[in-house]
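# Structural features, examined
Given next are the chains, with one letter for each unit.
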Amino acid sequence: MQLKKLVAGIDMGGTNTVYALVDEVGTIYGSGTFPTNLYQNFDQYIVALRDGILDLSSKIEREHKIMGIGIGAPNGNYYTGCIDSAANLIWKGSLPMAEKLKVLFGGIPVVLTNDANAAAIGEMIYGSAKGMKNFVVITLGTGLGSGFVVNGEVLYGHDGFAGEFGHISYKRDSRQCGCGRRGCLETFVSAPGLKRNTFELLINENTQSSLREFTFSQMTSKDVAIAAQNGDKIAKMAFEMTGKILGEALADLVAITTPEAIFLFGGLAKSGNLILDPTRESMEANLLSLWKGKVKLQLSNLDEDNAAILGSSALAWKELNK
Ligand SMILES: [Zn+2]
């Protein structure tokens, strides 16, 4: 039987690290996970990751070879292969993750980028963006991430960090952002952003709402989604407010890179039409007439559970097929 070519896809999150062996068409040949912050020392983390990948490999009966490794990581820099000052990780400074794994795996290609760029590459190779040369993936989770594909290539910019759409200013000097500044888009549009919008509405409106029972620390964006599905007016208003703000921002985005499509991905995107409809309406209302009715806005069709590792393995395949 022919030697099966596989790559390792790694999704390094602030909470968990997930890794898998994946072939070129996106079939997963086993996966594993462990808490990212389990190791005080970054080198110990890298060794644990290597051992995890080798363990997966040892369980595959078919003869195979690991050709390369792709990593999606917070503040991951494609050019340097380093993770730079990621707020949610216990290791500080610049972490040469790609180089360290490359040494442990005998010099095979190891590529790294941030998680939203990895999601964009996953969408391009395995998802709804197949064949598209210009599109954007917006990830709506704990923050707002973005991956831009322009003329068939991921936009990395001069220093490797391009596409921080979550940190464009929506309303200066307003809500405090995790980046240390105020008024960033992600403080209004993300899972925590939706919650902040909900509380703002609870304060400003007299309307009855099941959400008045929640304390701020109790409430999750999922609670708001469930309330909206049950017809709660405040919850529906919160989604409309969030979608309106996102749509305005996307109309500005279209003016810069003019994508064929924009895909929404991540926890908040799971609420489906609750977020999609007001976003589309607001984007259309704010687009320059040149582009009205021309930019597709849709939900990602990648499987949520596997999308991140598919994205990072797609990054590896893209590098190998260069
Ligand atoms: Zn910010």
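Remember, it's a predicted structure, so these values are computed and weren't measured experimentally.

## Here we look at the overall build of the protein
Counting secondary structure elements, the protein contains eight helices and 12 strands. Its C-alpha atoms give the protein a radius of gyration of 20 Å, near enough to 20 Å, the size a compact globule of 322 residues would have. In terms of principal-axis extent, the alpha carbons of the protein reach across some 65 × 45 × 35 Å. Expressed as a percentage of the 322 residues in the protein, the buried residues total 45%. Within the protein, counting contacts between residues at least 6 apart in sequence, those at least 24 apart form 65% of the total.

## Quick word on the sheet that holds strand E12 (residues 296-299)
Adjacent strands of a sheet form backbone hydrogen bonds with each other and so pair up, either parallel or antiparallel. If you walk across this open sheet you meet the five strands as E10-E9-E8-E11-E12, and the pairing is mixed. Looking at strand neighbours, the two that pair on one side only are strand E10 (153-154) and E12, the edges of this open sheet. Relative to strand E11 (residues 261-265), strand E8 (residues 135-140) runs parallel, the two sharing five bridges. Each residue of the ladder has a partner; that of isoleucine 138, found in E11, is leucine 264. Packed onto the sheet, helix H3 (residues 115-126) meets E8, strand E9 (144-150), E10 and E11 and runs at close to 50 degrees relative to E9.

## A word on the pairing of strand E1 (residues 4-12)
Two faces belong to every sheet, and in a regular strand the side chains alternate between them. E1 sits mainly inside the fold: seven of its nine residues count as buried. Note: E1 against strand E4 (residues 64-72), eight bridges, orientation parallel. Bridging from a neighbouring strand, isoleucine 10 pairs with isoleucine 71 of E4. Bridging between E1 and strand E2 (residues 16-22) involves six bridges; their strand directions are antiparallel. Among the inter-strand pairings, glycine 9 is bridged to a residue of E2, identified as alanine 20. Counting the residues between successive antiparallel strands, the hairpin from E1 to E2 contains three residues.

## A short note on the pairing of E8
Across the six residues of E8, six count as buried, placing the element largely inside the fold. Residues Phe135, Val137 and Thr139 point to one face of E8 and Val136, Ile138 and Leu140 to the other, with burial holding for every one of them. Bridge count for E8 against E9 is six bridges, and the pairing is antiparallel. Paired with valine 136 across the two strands is phenylalanine 148, which belongs to E9. In this structure, the hairpin formed by E8 and E9 is closed by a connection of three residues.

## Section: the domain arrangement of the protein
Domains assigned within the protein are domain 1 (4-121 + 305-320) and domain 2 (131-300). Contact residues are listed per partner, giving 13 residues for domain 1 and 13 residues for domain 2. Top contributing element to the side of domain 1 that touches domain 2 by residue count: H3, with six residues. Partitioned by chemical class, the residues of the side of domain 1 that touches domain 2 number eight nonpolar, four polar and one charged.

Reading guide: rules and limits
- Residues numbered from 1 in each chain as written.
- Predicted model: local features only at pLDDT ≥ 70, side-chain atom pairs only at ≥ 80, totals over all residues.
- Helix = DSSP H or I, 4+ residues; strand = E, 2+ residues; numbered from the N terminus.
- Rg over C-alpha atoms; globule rule 2.2 N^0.38 Å.
- Buried ≥ 20, exposed ≤ 12 C-beta atoms within 10 Å, placed from the backbone.
- Contact = placed C-beta atoms within 7 Å.
- Pairing = 2+ DSSP bridges.
- Axes fitted to C-alpha atoms, helices over the stretch in contact; angles between N-to-C directions.
- Domains from an automatic or database assignment.
- Nonpolar A, V, L, I, M, F, W, Y, C, P; charged D, E, K, R; others polar.

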